[in-house]
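Results of the structural survey
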Amino acid sequence: MANVVVLGAGTGGMPAAYELQEELGKEHKVTVVNASDHFQFVPSNPWVGVGWRKRNDITFPIGPALKNKGIDFVAGTVTRIDTEANRLELDNGKNVDYDYLVITTGPKLAFEEVPGSGPAGHTVSVCTIDHAEKAHESYMKLLENPGPVIIGAMPFASCFGPAYEYAFIMDADLRKRRMRKKIPMTYVTSEPYIGHLGLGGVGDSKGMLESELRQHDINFITNAKVTKVEAGTMFVEQYDDDGAVIKNHELPFNYSMMLPAFKGVDCVAAVEGLCNPRGFVLVDEHQRSPKYPNIYSAGVCIAIPPVEATPVPTGAPKTGYMIESMVTAIVHNIHDDIAGKELTHKGTWNAICLADMGDTGAAFVALPQIPPRNVAWMKKGKWVHYAKIAFEKYFIRKMKKGTSEPVYEKYILKALGIERLE
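This text gives an overview of the structure that appears in the document. (Residues numbered from 1 in each chain as written. Predicted model: local features only at pLDDT ≥ 70, side-chain atom pairs only at ≥ 80, totals over all residues. Heavy atoms only, no water.)

This paragraph deals with the overall build of the protein. When you go through the protein residue by residue, the secondary structure sums to eleven helices and 22 strands. Relative to the globule expectation of 22 Å for 422 residues, the C-alpha radius of gyration of the protein, 21 Å, shows essentially globular dimensions. Taken along its principal axes, the extent of the C-alpha atoms in the protein is 65 × 45 × 45 Å. Counting only residues that meet the buried cut, the protein has 56% of its 422 residues in that class. Put simply, of all contacts in the protein between residues at least 6 apart along the chain, 65% involve residues at least 24 apart. Of the roughly 17400 Å² of accessible surface on the protein, 49% is carried by carbon and sulfur atoms. (Helix = DSSP H or I, 4+ residues; strand = E, 2+ residues; numbered from the N terminus. Rg over C-alpha atoms; globule rule 2.2 N^0.38 Å. Buried < 20%, exposed > 50% of the residue type's maximum accessible area, 1.4 Å probe, protein only. Contact = heavy atoms within 4.5 Å. Areas by Shrake-Rupley, 256 points an atom, 1.4 Å probe, with all protein chains shown as cover.)

The next point concerns the sheet that holds strand S16 (residues 245–252). Read from one edge to the other, the open sheet built from three strands follows the order S14-S15-S16, with strand pairing classed as antiparallel. The open sheet has two edge strands with one neighbour each: strand S14 (224–230) and S16. Each strand of the sheet is rotated relative to its neighbour by a mean of 15°, with strand direction disregarded. Taken together, the six bridges between S14 and strand S15 (residues 233–239) define a ladder with antiparallel strand orientation. By the bridge assignment, Lys 228 is partnered in S15 with Phe 235. (Pairing = 2+ DSSP bridges. Axes fitted to C-alpha atoms, helices over the stretch in contact; angles between N-to-C directions.)

The end-to-end C-alpha distance of helix H1 (residues 13–24) is 16 Å, a good match for the 16 Å that twelve residues give at a rise of 1.5 Å each. Among the twelve residues that make up H1, nine are buried, leaving the element largely enclosed by the rest of the structure. If you check which residues of H1 are buried, you get Gly 13, Met 14, Pro 15, Ala 16, Ala 17, Tyr 18, Glu 19, Leu 20 and Leu 24. Two residues or fewer after H1 comes Gly 25, characterised by a positive phi angle close to 80°. (Expected span 1.5 Å × (residues − 1).)

What follows deals with helix H9 (residues 320–338). Helix length check: H9, at 19 residues, gives a terminal C-alpha distance of 27 Å against a target of 27 Å (1.5 Å per residue), a fit within 8%. Counting buried positions along H9 gives 14 out of 19 residues, so the element sits mostly inside the fold. Directly after H9, the chain includes Gly 340, whose backbone phi takes a positive value near 80°.

This paragraph deals with the pattern of salt bridges. Once the charged atoms of two side chains with opposite charge are near each other, the side chains can pair. One pass over the structure, following the stated rule, counts 21 salt bridges. A salt bridge links Arg 53 to Glu 392, with the nearest nitrogen and oxygen atoms 3.0 Å apart. Here Arg 53 is found in the loop between helix H2 (45–49) and helix H3 (55–58), whereas its partner Glu 392 is found in helix H10 (residues 382–401), with 339 residues between them in sequence. Between Arg 177 and Asp 173 there is a salt bridge, with its nearest N and O atoms 2.7 Å apart. According to the relative accessible area criterion, Arg 177 is partly exposed, its value standing at 38%. (Salt bridge = Lys/Arg side-chain N within 4 Å of Asp/Glu carboxyl O.)

At a minimum axis separation of 13 Å, helix H5 (residues 129–144) and helix H6 (residues 161–176) run at an interaxial angle of 40°. Classified by the interaxial angle, the pair formed by H5 and H6 is oblique. In this structure, H5 crosses over H6, and the sense of that crossing is right-handed. On H6, the residues touching Ala 135, Tyr 139 and Leu 143 of H5 are Tyr 166, Met 170, Asp 173 and Leu 174. Counted by class, the contact of H5 with H6 contains six nonpolar, no polar and one charged residues. (Parallel < 35°, antiparallel > 145°, perpendicular 65-115°, else oblique. Left-handed = near helix turned anticlockwise from the far one by under 90°. Nonpolar A, V, L, I, M, F, W, Y, C, P; charged D, E, K, R; others polar.)

This part covers empty space enclosed by the protein. In total, this model carries one cavity of 30 Å³ or more according to the counting rule given. There is about 50 Å³ of room inside the largest cavity. If you go around the largest cavity, the residues you meet are Thr 11, Pro 15, Glu 19, Gly 320, Ile 323, Glu 324, Glu 405, Pro 406, Val 407 and Tyr 408. The element best represented in the lining of the largest cavity is H9, accounting for three residues. (1 Å grid on protein atoms, 1.4 Å probe; cavity = no way out; pocket = protein on both sides within 12 Å on 5 of 7 lines; lining within 4 Å. Points joined across faces, edges and corners; volume = space filled by probe spheres on them.)

Geometrically, a pair of aromatic rings is defined through the distance of the ring centres and the angle of the planes. With the rule as written, the count across this model stands at eight aromatic pairs. Ring centres of Tyr 164 and Tyr 187 lie 4.5 Å apart, and the angle between their planes is 25°; on these two criteria the pair is classed as stacked. With Tyr 164 in helix H6 and Tyr 187 in strand S12 (residues 185–189), the pair connects residues that are 23 residues apart, well separated along the chain. A single burial state applies to Tyr 164 and to Tyr 187, both of which are buried. What links up through ring pairs into an aromatic cluster is the set Phe 39, Phe 41, Phe 60, Phe 391, Tyr 394 and Phe 395. When the ring centre of Phe 235 is taken as origin, the NZ or CZ atom of Lys 228, which lies over that ring, is 4.7 Å away. Directly above the aromatic system of Phe 156 lies the positively charged group of Arg 278, at a separation of 4.4 Å from the ring centroid. (Phe/Tyr/Trp six-rings, centres within 6.5 Å; stacked < 30°, edge-to-face > 60°. Lys NZ or Arg CZ within 6 Å of the ring centre and 35° of its normal.)

Judged by nonpolar contacts, the single largest core of 98 residues is most densely connected at Met 170 and Tyr 255. Once residues within four sequence positions are removed from consideration, Tyr 255 is found in contact with Val 124, Ala 135, Ser 138, Tyr 139, Leu 142, Pro 148, Val 149, Ile 150, Tyr 166 and Met 170. If you look at the next biggest cluster of nonpolar residues, it comprises 22 residues, including Ile 81, Cys 267, Val 281 and Cys 301. (Core = buried A, V, L, I, M, F, W, Y, C linked by side-chain atoms within 4.5 Å.)

With that out of the way, let us pick up the side chain of Ser 117. By secondary structure assignment, the location of Ser 117 is in the loop between strand S10 (108–109) and H5. Polar side-chain contacts of Ser 117 include one of 2.9 Å to the backbone oxygen of Phe 111. In this structure the side chain of Ser 117 is engaged in a polar contact, spanning 2.8 Å, whose partner is the backbone oxygen of Val 114. Sequence-distant contacts of Ser 117, defined by excluding residues within four places in its chain, comprise Phe 111, His 122, Thr 123, Met 154 and Val 229. (Polar contact = N/O pair within 3.5 Å; in protein donor to acceptor, adjacent residues only side chain to side chain.)

Written out as C-alpha coordinates, the structure is:
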(Lines give C-alpha, C1' and ligand atoms only; values in the text may rest on other atoms or scores of the structure.)
Protein backbone atom coordinates (compact mmCIF):
# COMPACT_ATOMS: atom_id res chain seq x y z
CA MET A 1 0.00 0.00 0.00
CA ALA A 2 1.31 3.44 -0.95
CA ASN A 3 0.77 6.37 1.40
CA VAL A 4 0.30 9.56 -0.63
CA VAL A 5 0.33 12.84 1.29
CA VAL A 6 -0.93 16.12 -0.16
CA LEU A 7 0.59 19.15 1.56
CA GLY A 8 -1.82 22.05 1.13
CA ALA A 9 -5.60 22.09 0.73
CA GLY A 10 -6.30 24.96 -1.62
CA THR A 11 -7.60 25.04 -5.18
CA GLY A 12 -4.82 22.62 -6.13
CA GLY A 13 -4.59 20.40 -3.07
CA MET A 14 -8.28 19.57 -2.64
CA PRO A 15 -8.79 18.45 -6.25
CA ALA A 16 -5.48 16.54 -6.03
CA ALA A 17 -6.74 14.58 -3.03
CA TYR A 18 -10.04 13.72 -4.68
CA GLU A 19 -8.41 12.68 -7.95
CA LEU A 20 -5.77 10.59 -6.14
CA GLN A 21 -8.40 8.79 -4.09
CA GLU A 22 -10.41 7.93 -7.18
CA GLU A 23 -7.41 6.97 -9.32
CA LEU A 24 -5.55 4.90 -6.72
CA GLY A 25 -8.53 3.23 -5.07
CA LYS A 26 -8.96 1.91 -1.54
CA GLU A 27 -5.77 -0.18 -1.63
CA HIS A 28 -3.75 3.02 -1.20
CA LYS A 29 -4.00 5.76 1.40
CA VAL A 30 -4.42 9.48 0.71
CA THR A 31 -3.83 12.04 3.46
CA VAL A 32 -4.14 15.84 3.30
CA VAL A 33 -2.13 18.11 5.60
CA ASN A 34 -3.05 21.79 5.84
CA ALA A 35 -2.30 24.62 8.25
CA SER A 36 -5.98 25.65 8.40
CA ASP A 37 -8.93 23.35 8.98
CA HIS A 38 -11.04 25.32 6.47
CA PHE A 39 -10.91 25.51 2.68
CA GLN A 40 -11.09 28.99 1.20
CA PHE A 41 -11.87 29.91 -2.39
CA VAL A 42 -9.16 32.53 -2.88
CA PRO A 43 -10.46 33.96 -6.20
CA SER A 44 -13.44 35.42 -4.31
CA ASN A 45 -11.32 37.41 -1.85
CA PRO A 46 -11.54 40.69 -3.81
CA TRP A 47 -15.32 40.54 -3.27
CA VAL A 48 -14.77 39.97 0.46
CA GLY A 49 -12.63 43.11 0.57
CA VAL A 50 -15.61 45.33 -0.27
CA GLY A 51 -18.22 43.29 1.57
CA TRP A 52 -19.78 41.53 -1.42
CA ARG A 53 -18.95 38.16 0.14
CA LYS A 54 -18.62 36.91 3.71
CA ARG A 55 -16.32 34.23 5.09
CA ASN A 56 -19.07 31.62 5.21
CA ASP A 57 -19.85 32.19 1.53
CA ILE A 58 -16.44 31.01 0.35
CA THR A 59 -15.11 28.67 3.07
CA PHE A 60 -16.06 25.30 4.51
CA PRO A 61 -14.53 22.71 6.91
CA ILE A 62 -12.01 20.47 5.16
CA GLY A 63 -12.18 17.42 7.41
CA PRO A 64 -15.81 16.34 6.84
CA ALA A 65 -15.57 16.81 3.06
CA LEU A 66 -12.46 14.63 2.82
CA LYS A 67 -13.78 12.05 5.28
CA ASN A 68 -16.81 11.47 3.08
CA LYS A 69 -14.39 10.28 0.38
CA GLY A 70 -12.25 8.16 2.68
CA ILE A 71 -9.38 10.66 2.76
CA ASP A 72 -7.53 11.39 6.00
CA PHE A 73 -7.00 14.98 7.12
CA VAL A 74 -4.42 16.46 9.49
CA ALA A 75 -4.66 20.12 10.50
CA GLY A 76 -1.32 21.64 11.44
CA THR A 77 1.62 23.65 10.18
CA VAL A 78 4.52 21.64 8.79
CA THR A 79 7.78 22.81 10.31
CA ARG A 80 10.13 20.38 8.53
CA ILE A 81 10.14 17.98 5.61
CA ASP A 82 12.48 15.09 6.38
CA THR A 83 13.24 13.74 2.94
CA GLU A 84 15.49 10.95 4.26
CA ALA A 85 12.79 9.52 6.52
CA ASN A 86 9.95 10.54 4.13
CA ARG A 87 8.20 12.33 6.96
CA LEU A 88 6.48 15.65 7.68
CA GLU A 89 7.05 17.15 11.14
CA LEU A 90 4.24 19.41 12.41
CA ASP A 91 4.13 22.20 14.96
CA ASN A 92 1.68 20.23 17.10
CA GLY A 93 4.21 17.45 17.61
CA LYS A 94 2.65 15.07 15.10
CA ASN A 95 4.54 13.34 12.30
CA VAL A 96 3.04 12.25 9.00
CA ASP A 97 4.90 9.65 6.94
CA TYR A 98 4.65 9.47 3.17
CA ASP A 99 5.66 7.31 0.25
CA TYR A 100 4.74 10.08 -2.18
CA LEU A 101 4.46 13.76 -1.33
CA VAL A 102 2.44 16.23 -3.41
CA ILE A 103 3.27 19.84 -2.53
CA THR A 104 0.42 22.28 -3.23
CA THR A 105 1.04 24.79 -0.46
CA GLY A 106 0.61 27.97 -2.45
CA PRO A 107 3.04 30.80 -1.68
CA LYS A 108 4.53 32.60 1.25
CA LEU A 109 3.47 36.25 1.11
CA ALA A 110 6.72 38.22 1.17
CA PHE A 111 5.53 41.50 2.71
CA GLU A 112 8.91 41.83 4.43
CA GLU A 113 10.52 42.68 1.10
CA VAL A 114 8.87 46.12 1.17
CA PRO A 115 9.23 47.76 4.60
CA GLY A 116 5.94 48.96 6.04
CA SER A 117 3.75 46.91 3.70
CA GLY A 118 1.17 44.27 4.50
CA PRO A 119 -1.56 43.89 7.12
CA ALA A 120 1.05 44.22 9.87
CA GLY A 121 2.13 47.48 8.24
CA HIS A 122 0.21 50.12 6.36
CA THR A 123 -1.32 48.28 3.38
CA VAL A 124 -3.95 45.57 3.13
CA SER A 125 -4.14 42.39 1.06
CA VAL A 126 -6.75 40.08 -0.45
CA CYS A 127 -4.47 37.05 -0.67
CA THR A 128 -6.18 35.16 2.17
CA ILE A 129 -9.63 35.27 3.72
CA ASP A 130 -8.16 36.73 6.94
CA HIS A 131 -6.45 39.47 4.97
CA ALA A 132 -9.56 40.15 2.90
CA GLU A 133 -11.65 40.59 6.03
CA LYS A 134 -9.11 43.09 7.38
CA ALA A 135 -9.19 44.82 4.00
CA HIS A 136 -12.96 45.16 4.39
CA GLU A 137 -12.61 46.58 7.90
CA SER A 138 -10.20 49.20 6.56
CA TYR A 139 -12.56 49.87 3.65
CA MET A 140 -15.36 50.68 6.05
CA LYS A 141 -13.05 53.20 7.76
CA LEU A 142 -12.25 54.69 4.35
CA LEU A 143 -15.94 55.30 3.76
CA GLU A 144 -16.07 57.22 7.02
CA ASN A 145 -12.90 59.17 6.19
CA PRO A 146 -12.67 59.38 2.37
CA GLY A 147 -9.32 60.04 0.73
CA PRO A 148 -6.83 58.75 -1.85
CA VAL A 149 -6.66 55.02 -2.61
CA ILE A 150 -3.69 53.09 -4.03
CA ILE A 151 -4.16 49.59 -5.45
CA GLY A 152 -1.60 47.49 -7.28
CA ALA A 153 1.29 45.06 -7.05
CA MET A 154 4.77 45.08 -5.53
CA PRO A 155 8.08 44.14 -7.21
CA PHE A 156 8.37 40.38 -7.85
CA ALA A 157 4.57 40.02 -7.74
CA SER A 158 3.34 37.32 -10.09
CA CYS A 159 -0.43 37.43 -9.67
CA PHE A 160 -1.76 40.71 -11.05
CA GLY A 161 -5.35 39.78 -11.86
CA PRO A 162 -6.71 40.26 -8.31
CA ALA A 163 -5.21 43.78 -8.17
CA TYR A 164 -7.03 44.82 -11.34
CA GLU A 165 -10.18 43.11 -10.10
CA TYR A 166 -10.05 44.86 -6.75
CA ALA A 167 -9.53 48.28 -8.34
CA PHE A 168 -12.58 47.88 -10.58
CA ILE A 169 -14.69 46.20 -7.89
CA MET A 170 -13.96 49.02 -5.44
CA ASP A 171 -14.72 51.57 -8.14
CA ALA A 172 -18.08 49.91 -8.79
CA ASP A 173 -18.91 49.72 -5.08
CA LEU A 174 -18.00 53.36 -4.50
CA ARG A 175 -20.18 54.46 -7.43
CA LYS A 176 -23.11 52.50 -6.01
CA ARG A 177 -22.59 54.32 -2.73
CA ARG A 178 -22.36 57.69 -4.55
CA MET A 179 -18.92 58.19 -2.99
CA ARG A 180 -16.56 57.73 -5.93
CA LYS A 181 -16.04 61.48 -6.40
CA LYS A 182 -14.59 61.72 -2.89
CA ILE A 183 -11.97 59.01 -3.41
CA PRO A 184 -9.24 59.44 -6.06
CA MET A 185 -7.70 56.12 -7.12
CA THR A 186 -4.24 55.24 -8.45
CA TYR A 187 -3.09 51.87 -9.77
CA VAL A 188 0.62 51.28 -8.99
CA THR A 189 2.21 48.20 -10.55
CA SER A 190 5.56 46.60 -11.21
CA GLU A 191 4.32 45.62 -14.68
CA PRO A 192 6.13 47.40 -17.55
CA TYR A 193 2.75 48.40 -18.96
CA ILE A 194 -0.90 48.09 -18.04
CA GLY A 195 -2.24 44.70 -19.08
CA HIS A 196 1.13 42.92 -18.98
CA LEU A 197 -0.26 40.58 -16.30
CA GLY A 198 3.07 38.80 -15.90
CA LEU A 199 2.34 37.23 -19.29
CA GLY A 200 3.77 39.80 -21.69
CA GLY A 201 0.21 40.86 -22.41
CA VAL A 202 -2.62 38.72 -23.77
CA GLY A 203 -4.32 39.78 -26.97
CA ASP A 204 -5.36 43.43 -26.56
CA SER A 205 -5.09 43.37 -22.77
CA LYS A 206 -2.87 46.47 -22.81
CA GLY A 207 -5.29 48.63 -24.79
CA MET A 208 -8.39 47.29 -23.11
CA LEU A 209 -7.21 47.66 -19.51
CA GLU A 210 -5.66 51.08 -20.11
CA SER A 211 -8.96 52.21 -21.60
CA GLU A 212 -10.92 50.78 -18.67
CA LEU A 213 -8.70 52.50 -16.11
CA ARG A 214 -9.11 55.83 -17.89
CA GLN A 215 -12.87 55.41 -18.25
CA HIS A 216 -13.10 54.70 -14.54
CA ASP A 217 -10.91 57.70 -13.61
CA ILE A 218 -8.17 55.50 -12.17
CA ASN A 219 -4.68 56.94 -12.65
CA PHE A 220 -1.81 54.50 -13.09
CA ILE A 221 1.95 54.22 -12.67
CA THR A 222 3.80 51.34 -14.37
CA ASN A 223 7.40 50.15 -14.02
CA ALA A 224 6.84 51.05 -10.37
CA LYS A 225 9.09 49.78 -7.61
CA VAL A 226 7.57 50.39 -4.20
CA THR A 227 10.54 50.87 -1.87
CA LYS A 228 8.77 51.47 1.43
CA VAL A 229 5.43 52.39 2.94
CA GLU A 230 4.79 54.72 5.84
CA ALA A 231 1.49 55.65 7.43
CA GLY A 232 -0.37 57.51 4.71
CA THR A 233 2.54 57.64 2.25
CA MET A 234 3.88 55.20 -0.34
CA PHE A 235 7.38 55.69 -1.75
CA VAL A 236 7.74 54.60 -5.37
CA GLU A 237 10.62 54.60 -7.85
CA GLN A 238 9.42 54.70 -11.45
CA TYR A 239 11.71 53.25 -14.13
CA ASP A 240 11.94 53.63 -17.89
CA ASP A 241 12.16 50.69 -20.26
CA ASP A 242 15.96 50.65 -19.98
CA GLY A 243 15.84 50.23 -16.21
CA ALA A 244 16.78 53.80 -15.24
CA VAL A 245 14.88 55.67 -12.53
CA ILE A 246 12.92 58.51 -14.14
CA LYS A 247 10.86 59.70 -11.19
CA ASN A 248 10.46 59.30 -7.45
CA HIS A 249 6.90 59.44 -6.15
CA GLU A 250 5.64 60.05 -2.62
CA LEU A 251 2.01 59.07 -2.92
CA PRO A 252 -0.46 59.96 -0.16
CA PHE A 253 -3.20 57.44 0.66
CA ASN A 254 -6.00 56.76 3.11
CA TYR A 255 -6.28 53.16 1.93
CA SER A 256 -3.99 50.85 -0.03
CA MET A 257 -4.32 47.26 -1.20
CA MET A 258 -1.02 46.03 -2.67
CA LEU A 259 -0.36 42.45 -3.73
CA PRO A 260 3.01 41.27 -2.38
CA ALA A 261 5.79 39.29 -3.95
CA PHE A 262 5.51 35.53 -3.53
CA LYS A 263 8.14 33.13 -2.18
CA GLY A 264 8.12 29.48 -1.22
CA VAL A 265 6.80 28.56 2.22
CA ASP A 266 9.51 28.05 4.83
CA CYS A 267 9.35 24.28 5.32
CA VAL A 268 9.51 23.68 1.56
CA ALA A 269 12.18 26.29 0.82
CA ALA A 270 14.40 24.77 3.54
CA VAL A 271 14.72 21.40 1.78
CA GLU A 272 18.15 21.18 0.16
CA GLY A 273 17.98 20.95 -3.62
CA LEU A 274 14.19 21.04 -3.81
CA CYS A 275 13.69 24.70 -4.69
CA ASN A 276 15.10 27.68 -6.56
CA PRO A 277 16.59 30.64 -4.59
CA ARG A 278 13.12 32.13 -3.92
CA GLY A 279 11.83 28.86 -2.50
CA PHE A 280 9.72 27.68 -5.44
CA VAL A 281 9.76 23.93 -6.10
CA LEU A 282 11.78 22.82 -9.12
CA VAL A 283 9.88 20.25 -11.19
CA ASP A 284 10.43 18.42 -14.44
CA GLU A 285 7.89 18.07 -17.25
CA HIS A 286 6.05 15.44 -15.20
CA GLN A 287 5.68 17.78 -12.17
CA ARG A 288 8.26 15.71 -10.26
CA SER A 289 11.26 16.97 -8.34
CA PRO A 290 14.48 16.19 -10.23
CA LYS A 291 16.25 15.48 -6.91
CA TYR A 292 13.49 13.71 -4.98
CA PRO A 293 11.60 11.31 -7.28
CA ASN A 294 8.81 10.70 -4.77
CA ILE A 295 8.00 14.42 -4.46
CA TYR A 296 5.68 16.19 -6.88
CA SER A 297 4.38 19.74 -6.88
CA ALA A 298 1.72 21.87 -8.56
CA GLY A 299 0.37 25.38 -8.44
CA VAL A 300 1.71 28.71 -7.29
CA CYS A 301 4.49 27.03 -5.28
CA ILE A 302 6.36 25.66 -8.33
CA ALA A 303 9.18 27.41 -10.17
CA ILE A 304 8.22 28.86 -13.55
CA PRO A 305 10.58 31.40 -15.11
CA PRO A 306 9.29 34.90 -15.94
CA VAL A 307 7.87 35.29 -19.42
CA GLU A 308 10.39 38.05 -20.08
CA ALA A 309 12.85 40.34 -18.31
CA THR A 310 11.22 43.55 -17.08
CA PRO A 311 12.74 46.75 -15.62
CA VAL A 312 11.04 46.01 -12.29
CA PRO A 313 10.98 42.25 -11.59
CA THR A 314 7.70 40.44 -12.21
CA GLY A 315 6.82 36.77 -11.99
CA ALA A 316 4.70 34.46 -14.10
CA PRO A 317 1.19 33.68 -12.79
CA LYS A 318 -0.17 30.17 -12.34
CA THR A 319 -3.85 30.21 -13.18
CA GLY A 320 -6.57 27.76 -12.17
CA TYR A 321 -6.73 25.83 -15.43
CA MET A 322 -2.97 25.40 -15.45
CA ILE A 323 -2.98 24.17 -11.85
CA GLU A 324 -5.76 21.72 -12.61
CA SER A 325 -3.79 20.22 -15.48
CA MET A 326 -0.67 19.93 -13.30
CA VAL A 327 -2.68 18.11 -10.64
CA THR A 328 -4.15 15.65 -13.12
CA ALA A 329 -0.69 14.91 -14.53
CA ILE A 330 0.64 14.26 -11.02
CA VAL A 331 -2.20 11.88 -10.18
CA HIS A 332 -1.65 9.78 -13.30
CA ASN A 333 2.12 9.82 -12.88
CA ILE A 334 1.95 8.61 -9.27
CA HIS A 335 -0.43 5.87 -10.37
CA ASP A 336 1.98 4.83 -13.10
CA ASP A 337 5.01 5.00 -10.81
CA ILE A 338 3.34 2.73 -8.29
CA ALA A 339 2.66 0.30 -11.13
CA GLY A 340 6.30 0.48 -12.26
CA LYS A 341 5.45 2.25 -15.50
CA GLU A 342 7.31 5.08 -17.20
CA LEU A 343 5.94 8.56 -16.51
CA THR A 344 4.27 10.14 -19.53
CA HIS A 345 1.74 12.69 -18.28
CA LYS A 346 2.48 16.40 -18.47
CA GLY A 347 0.75 19.52 -17.23
CA THR A 348 -0.61 22.07 -19.69
CA TRP A 349 0.93 25.52 -19.50
CA ASN A 350 -2.10 27.34 -20.83
CA ALA A 351 -3.35 30.48 -19.07
CA ILE A 352 -7.11 30.93 -18.90
CA CYS A 353 -8.63 33.51 -16.59
CA LEU A 354 -12.01 35.06 -15.84
CA ALA A 355 -11.45 38.48 -14.25
CA ASP A 356 -14.32 40.31 -12.57
CA MET A 357 -14.46 44.08 -13.05
CA GLY A 358 -17.30 45.01 -10.73
CA ASP A 359 -20.21 45.18 -13.14
CA THR A 360 -18.49 43.63 -16.15
CA GLY A 361 -15.48 41.37 -16.69
CA ALA A 362 -12.74 40.18 -19.02
CA ALA A 363 -11.67 36.72 -20.13
CA PHE A 364 -8.04 36.07 -21.07
CA VAL A 365 -6.68 33.07 -22.96
CA ALA A 366 -2.95 32.52 -23.64
CA LEU A 367 -2.07 29.22 -25.32
CA PRO A 368 0.63 28.51 -24.28
CA GLN A 369 1.38 30.89 -21.44
CA ILE A 370 4.91 31.66 -22.66
CA PRO A 371 5.07 33.37 -26.10
CA PRO A 372 5.03 32.78 -29.01
CA ARG A 373 1.46 31.55 -28.72
CA ASN A 374 -0.99 29.63 -30.81
CA VAL A 375 -3.85 31.63 -29.28
CA ALA A 376 -3.76 35.00 -27.51
CA TRP A 377 -7.05 36.82 -27.03
CA MET A 378 -9.26 38.55 -24.53
CA LYS A 379 -12.95 39.37 -24.48
CA LYS A 380 -14.88 41.74 -22.28
CA GLY A 381 -18.52 41.67 -21.26
CA LYS A 382 -21.04 41.35 -18.46
CA TRP A 383 -21.18 37.63 -19.21
CA VAL A 384 -17.70 37.26 -17.65
CA HIS A 385 -18.90 38.88 -14.42
CA TYR A 386 -21.82 36.48 -14.21
CA ALA A 387 -19.71 33.52 -15.33
CA LYS A 388 -17.26 34.09 -12.50
CA ILE A 389 -20.07 34.29 -9.96
CA ALA A 390 -21.52 31.05 -11.27
CA PHE A 391 -18.11 29.37 -11.33
CA GLU A 392 -17.46 30.35 -7.71
CA LYS A 393 -20.63 28.57 -6.60
CA TYR A 394 -19.91 25.61 -8.89
CA PHE A 395 -16.34 25.11 -7.66
CA ILE A 396 -17.17 25.42 -3.96
CA ARG A 397 -20.09 23.01 -4.32
CA LYS A 398 -17.90 20.47 -6.10
CA MET A 399 -15.14 20.73 -3.46
CA LYS A 400 -17.69 20.17 -0.69
CA LYS A 401 -19.12 17.21 -2.54
CA GLY A 402 -15.72 15.71 -3.28
CA THR A 403 -15.68 15.62 -7.05
CA SER A 404 -12.68 14.44 -9.00
CA GLU A 405 -13.85 15.89 -12.30
CA PRO A 406 -11.76 18.68 -13.90
CA VAL A 407 -13.93 21.63 -12.89
CA TYR A 408 -11.96 24.36 -14.66
CA GLU A 409 -11.94 22.48 -17.92
CA LYS A 410 -15.60 21.51 -17.69
CA TYR A 411 -16.87 24.96 -16.73
CA ILE A 412 -14.52 27.67 -18.03
CA LEU A 413 -13.86 26.09 -21.41
CA LYS A 414 -17.59 25.67 -21.83
CA ALA A 415 -18.17 29.30 -20.85
CA LEU A 416 -15.61 30.41 -23.42
CA GLY A 417 -17.02 28.19 -26.12
CA ILE A 418 -13.83 26.12 -26.34
CA GLU A 419 -14.25 22.39 -26.71
CA ARG A 420 -10.67 21.35 -25.99
CA LEU A 421 -7.13 22.65 -25.74
CA GLU A 422 -4.07 21.16 -27.34
